[in-house]
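If you want the building blocks of each chain, they are given just below.
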Amino acid sequence: MSNTTEKIEYVSYLDHQGKYKGIMSWLMATDHKRIGLLYMYAIITFFFIGVLLGLMMKLELLAPGETIMTAKMYNSVFTLHGILMIFMVVIPGLSAVFGNFFLPILIGAKDVAFPKLNRFSWWIFIVGSIMAVLSQLLKDGPPDTGWTFYAPYSTTTNSNVIMATAAAFVLGFSSILTGLNFIVTIHQMRAPGMKFFHMPLFPWALYATAWIQLLATPVIGITLLMLIAERAFQIGFFDPALGGDPLLFQHLFWIYSHPAVYVMMLPAMGVITEIIPTFCQRQIYGYKAVAISSLAIAAVGFLVWGHHMYTSGMSDQARWFFSLLTFIVAVPSAIKVFNWITTMYKGSIDVQPPFLYALAFIFLFIIGGTTGLLLGSVATNVQVHDTAFVVAHFHYIIFGGMGFAFFAAIHYWFPKMYGRMYDIKLANISLVIKFIGFNLLYFPQFIIGVQGMPRRYFDYPEQFQPAQVISSVGGFILAFGLFLMVYNLVKAAKSGAVAPANPWKGSTLEWQIPSPPSLENFDEAPIIKVNPYDYK
Amino acid sequence: MANNTTHTIEYKTLVKILLILLFLTFITISVTSIHLGALTVTVALLIAGAKAYLVLSNFMHLKYESLLLRILVAMVFVLFALILVITFIDYAFR
């Protein structure tokens with residue numbers, strides 16, 4: 001327990017010898033840190049498969065007409081890219097990796113509330129992922145519906161929709177169990193003396209996220225079961241030919257899938273909120289506002305799903321109502337951005353890779369966020385609905401936001417996780433390459449989207465070719481930057497210089513323990529500060 | 001903490017609640033024969049909500065839990081109600 005006072009010999013969690021040896025010591029691990037790493041290795045693997053699929057699409061789009069794949073195969077490639085990236089990378093992403101690793105440490109606990117359930121969540125995640133891969137290989141062929149599985153097409157296509165939706169259903173269970181674990185951990189496992197408003201802000205973000213995971217994910221589970229029931233037993237939920245309503249599918253799908261965007265983004269915002277005070281050596285500006293804004297985003301984020309459906313035939317009253325709510329959700333997001341920037345004001349800024357990644361996040365998130373307002377407004381949305389503009393907006397938020405926050409997090413906490421330091425110069429170079437590649441890849445899509453280039457089309461008129469070529473070149477530059485980053489981190493994990501316990505002069509609890517941490521994190525009772533960002 | 005304390009509810013009380021639940025189920029079925037139009041779903045959900053309240057507070061001992069926990073559970077139901085109402089803004093005006 002965290003209140004143990006006697007001195008225990010330090011053994012890092014990576015060297016700890018438990019009941020199991022070798023690979024089984026990982027597969028059977030209940031230590032939150034090892035489970036966090038298991039998620040990370042799995043997620044990074046899926047991420048790079050998704051990147052390869054993305055590059056295939058970019059190659060296809062280099063020239064009008066068929067170049068390297070047929071239209072049918074293009075449909076399958078973007079569907080698999082979406083399923084992998086959404087359900088297996090960005091939804092679990094920060095929460096499962098850094099949430100698992102750092103939540104207990106940040107609140108002064110030795111593990112999550114239910115360690116075995118945590119291990120079970122990872123197993124389910126792997127089972128769901130295998131099912132998703134199988135859906136590509138079975139005899140009916142890979143699903144071609146897009147990751148959204150819109151009915152009635154998904155109820156009638158001959159591709160492997162049932163296996164893919166069942167995979168998403170199973171992956172949802174993993175998400176629910178992780179959310180449940182984190183909520184109970186935060187309520188019950190905080191170190192003695194740590195009140196809710198004494199917690200660092202990454203746990204606050206995880207808390208808000210966990211509620212979304214717990215409450216919204218069952219909706220997609222039920223929806224996908226209804227879809228399977230309709231395909232298997234001809235029960236008319238969504239297909240008008242059977243007496244169903246296709247808009248019901250969209251309502252149910254987005255009741256989950258819009259809050260899911262905040263499952264991706266809230267932990268990302270939490271990471272940035274940890275990084276900025278550390279590298280500015282300054283207390284976060286407006287601690288309570290940032291904490292409560294996480295809850296506000298989670299709450300309002302539940303109620304804005306209809307902005308995905310403005311052109312679907314929804315009633316006018318619902319359209320303006322959803323538009324109003326969408327504008328409201330921008331307020332707590334803006335509070336966070338203003339508070340991050342204000343925190344930097346008069347700070348002792350130390351320009352290190354995690355801080356630069358955080359700056360890149362803010363820049364890209366602002367572009368993604370403000371273009372989101374264009375999509376939230378009915379009048380402009382109907383002009384650019386289902387165009388490349390939406391693709392650009394979505395990737396600026398999810399990749400520019402969540403993706404860059406993931407990179408920021410791994411560069412920030414890497415010395416703590418592995419006890420080693422990466423090459424700072426190479427980290428900065430890879431960031432610059434990724435940043436240039438990212439903007440070349442996605443910014444042209446805003447422009448051709450406004451000009452009328454539809455999303456999910458494998459062919460296009462010649463007028464769009466220059467922008468498509470720039471976009472494709474950007475994709476390969478981005479991939480090169482990613483490769484450099486992985487090379488740098490893998491090399492550092494194996495043979496990097498030994499990192500001190502607190503290389504960034506952080507004030508939160510993870511920096512007060514050795515690197516890498518011991519099995520139970522705290523060999524001595526942690527000292528809980530009323531203000532976790534006290535740099536005086 | 002509230003969850004470290006054992007609470008025993010008398011069988012008599014449990015049976016009373018069970019009877020109320022059965023009665024509410026009977027009402028749920030009975031009202032289907034009355035044409036309430038747009039209110040059909042509202043009435044069904046109100047009865048279901050009352051039943052859920054009885055189960056949560058008595059069978060699941062929520063009434064012995066801390067105020068924070070009760071508020072959190074209540075918020076879940078408020079959220080559920082909000083989602084239903086907003087969905088029906090579409091269906092009612094389409």
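Everything below is about the structure shown above.
Residues numbered from 1 in each chain as written. Chains lettered and ligands numbered in written order. Predicted model: local features only at pLDDT ≥ 70, side-chain atom pairs only at ≥ 80, totals over all residues. Heavy atoms only, no water.

A.B. asks: Could you give an account of the interface of chain A and chain B, naming the residues involved and the relevant values?
C.D. replies: At the junction of the two partners, chain A supplies 21 residues and chain B supplies 15 residues. For the pairing of chain A and chain B, the buried interface totals around 1,500 Å² over both sides, and the portion due to carbon and sulfur atoms is 75%. At the boundary of chain A with chain B, the tally comes to 1 salt bridge. Residues B:Arg94 and A:Asp245 are paired through a salt bridge, measuring 3.3 Å at the closest nitrogen-oxygen approach. Linking chain A with chain B are 6 residue pairs in polar contact (both at pLDDT 80 or more). Mapped by element, the contributors of at least two residues to the side of chain A that touches chain B are α7 (161-188), α8 (201-233), α9 (246-280) and α11 (316-344) of chain A. Ranked by the residues each element gives to the side of chain A that touches chain B, the list is headed by α11(A), at 5 residues. Taken together, the residues of the side of chain A that touches chain B break down into 14 nonpolar, 6 polar and 1 charged. (Contact = heavy atoms within 4.5 Å. Buried area = accessible area lost by both parts, 1.4 Å probe. Salt bridge = Lys/Arg side-chain N within 4 Å of Asp/Glu carboxyl O. Polar contact = N/O pair within 3.5 Å; in protein donor to acceptor, adjacent residues only side chain to side chain. Helix = DSSP H or I, 4+ residues; strand = E, 2+ residues; numbered from the N terminus. Nonpolar A, V, L, I, M, F, W, Y, C, P; charged D, E, K, R; others polar.)

A.B. asks: Can you explain the packing of helix α4 (residues 93-106) of chain A against helix α14 (residues 388-418) of chain A? Please cite residues and give values.
C.D. replies: All names here are of chain A. At a closest axis distance of 11 Å, the pairing of α4 and α14 adopts a crossing angle of 20 degrees. Taken together, the axes of α4 and α14 are roughly parallel relative to one another. α4 and α14 meet at a crossing whose hand is left-handed. Seen from α4, the contacting residues are Gly93, Leu94, Val97, Phe98, Phe101 and Phe102; seen from α14, they are Met402, Ala405, Phe406, Ala409, Ile410, Trp413, Lys416 and Met417. By residue class, the composition of the contact of α4 with α14 is 12 nonpolar, 1 polar and 1 charged. (Axes fitted to C-alpha atoms, helices over the stretch in contact; angles between N-to-C directions. Parallel < 35°, antiparallel > 145°, perpendicular 65-115°, else oblique. Left-handed = near helix turned anticlockwise from the far one by under 90°.)

A.B. asks: Break down the packing of aromatic side chains for me, citing the residues and quoting the values.
C.D. replies: Aromatic ring pairs: the centre-centre distance and the angle between the two ring planes describe each pair. Residues and elements named next belong to chain A. If you walk through the whole model with that rule in mind, you get 52 aromatic pairs over all chains. Their ring planes at 75 degrees and their centres at 5.6 Å tell us that Trp340 and Phe361 sit as a pair that is edge-to-face. Of this pair, Trp340 sits in helix α11 while Phe361 sits in helix α12 (residues 353-376), and the two are 21 residues apart along the sequence. Residue Trp340 is classed as buried on the basis of its relative accessible area, which comes to 0%. Using a relative accessible area of 0% as the deciding quantity, one classes Phe361 as buried. Counting every residue linked through ring pairs, the aromatic cluster contains Tyr13, Phe98, Phe101, Phe102, Phe202, Phe279, Phe355, Phe406, Tyr412, Trp413, Trp504 and Trp511. Lys288 extends its terminal NZ or CZ atom over the ring of Phe197, reaching a point 4.9 Å from the ring centre. Cation over ring: Lys434 sits above Phe407, and NZ or CZ is 5.1 Å from the ring centre. (Phe/Tyr/Trp six-rings, centres within 6.5 Å; stacked < 30°, edge-to-face > 60°. Buried < 20%, exposed > 50% of the residue type's maximum accessible area, 1.4 Å probe, protein only. Lys NZ or Arg CZ within 6 Å of the ring centre and 35° of its normal.)

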